[in-house]
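Breakdown of the fold
The lines below spell out each chain.
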Amino acid sequence: MFRLWAKIFKDNRMLRDMVVCNDNKNLNRTQKIFAAVDEICYTYDLSKPIWLDSTIADFKKHDKTRFTQDNFIDRIDFDYLEIHVIEEG
């Protein structure tokens, strides 16, 4: 089971969160991550964030990263969207 936790923060307070689960054995880790981000964006009605070099580096190092306004084309009404892989297997 693969689980990714998404949290939306504004003014250091968590406004919303959700956990996306994926147990499709045919997808590799990267595909599961992108599928989870797509589901998060659909649920919260967001444009898909752009993976900047710093975002990728953070995610590779910590299995966790933040998407700020710099990662989105549209304006966002929160400070950042944080994603964190909480289970792989």
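Structure shown above.
Quick look at the structure, then. This is a predicted model, so every value here is computed, not measured.

About the thresholds
Residues numbered from 1 in each chain as written. Predicted model: local features only at pLDDT ≥ 70, side-chain atom pairs only at ≥ 80, totals over all residues. Heavy atoms only, no water. Core = buried A, V, L, I, M, F, W, Y, C linked by side-chain atoms within 4.5 Å. Buried < 20%, exposed > 50% of the residue type's maximum accessible area, 1.4 Å probe, protein only. Helix = DSSP H or I, 4+ residues; strand = E, 2+ residues; numbered from the N terminus. Contact = heavy atoms within 4.5 Å. Salt bridge = Lys/Arg side-chain N within 4 Å of Asp/Glu carboxyl O. 1 Å grid on protein atoms, 1.4 Å probe; cavity = no way out; pocket = protein on both sides within 12 Å on 5 of 7 lines; lining within 4 Å. Points joined across faces, edges and corners; volume = space filled by probe spheres on them. Nonpolar A, V, L, I, M, F, W, Y, C, P; charged D, E, K, R; others polar.

A few words on the nonpolar core. Here is a general trend for soluble globular proteins: nonpolar side chains tend to be buried in one another's company. Of all hydrophobic cores here, the largest spans 21 residues; its most connected members are Leu4, Ile40, Leu46, Leu81 and Ile83. Taken together, the elements giving at least two residues each to this core come down to strand E1 (2-10), strand E2 (13-22), helix H1 (29-44) and strand E4 (80-87). Considering each element in turn, this core owes the most residues, 6 residues, to H1. Apart from residues lying up to four places away in sequence, Leu4 is in contact with Met18, Val19, Val20, Ala36, Ile40, Ile83, His84, Val85 and Ile86.

Take the pattern of salt bridges next. Counted by the stated rule, this structure contains 6 salt bridges. The partner of Arg3 in a salt bridge is Glu87, with the nearest N and O atoms 2.7 Å apart. Separated by 84 residues along the polypeptide, Arg3 in strand E1 and Glu87 in strand E4 bring together distant segments of the chain. What makes Glu87 partly exposed here is its relative accessible area of 32%. With a shortest N-O distance of 2.5 Å, Asp63 and Arg29 are connected by a salt bridge.

Let's shift gears to the layout of surface pockets. Approximately 160 Å³ is the volume found for the largest pocket. Residue assignment for the lining of the largest pocket shows that the elements contributing at least two residues are H1 and helix H2 (53-62). Of all the elements, H1 adds the most residues to the lining of the largest pocket, at 4 residues. By residue class, the composition of the lining of the largest pocket is 5 nonpolar, 1 polar and 2 charged.

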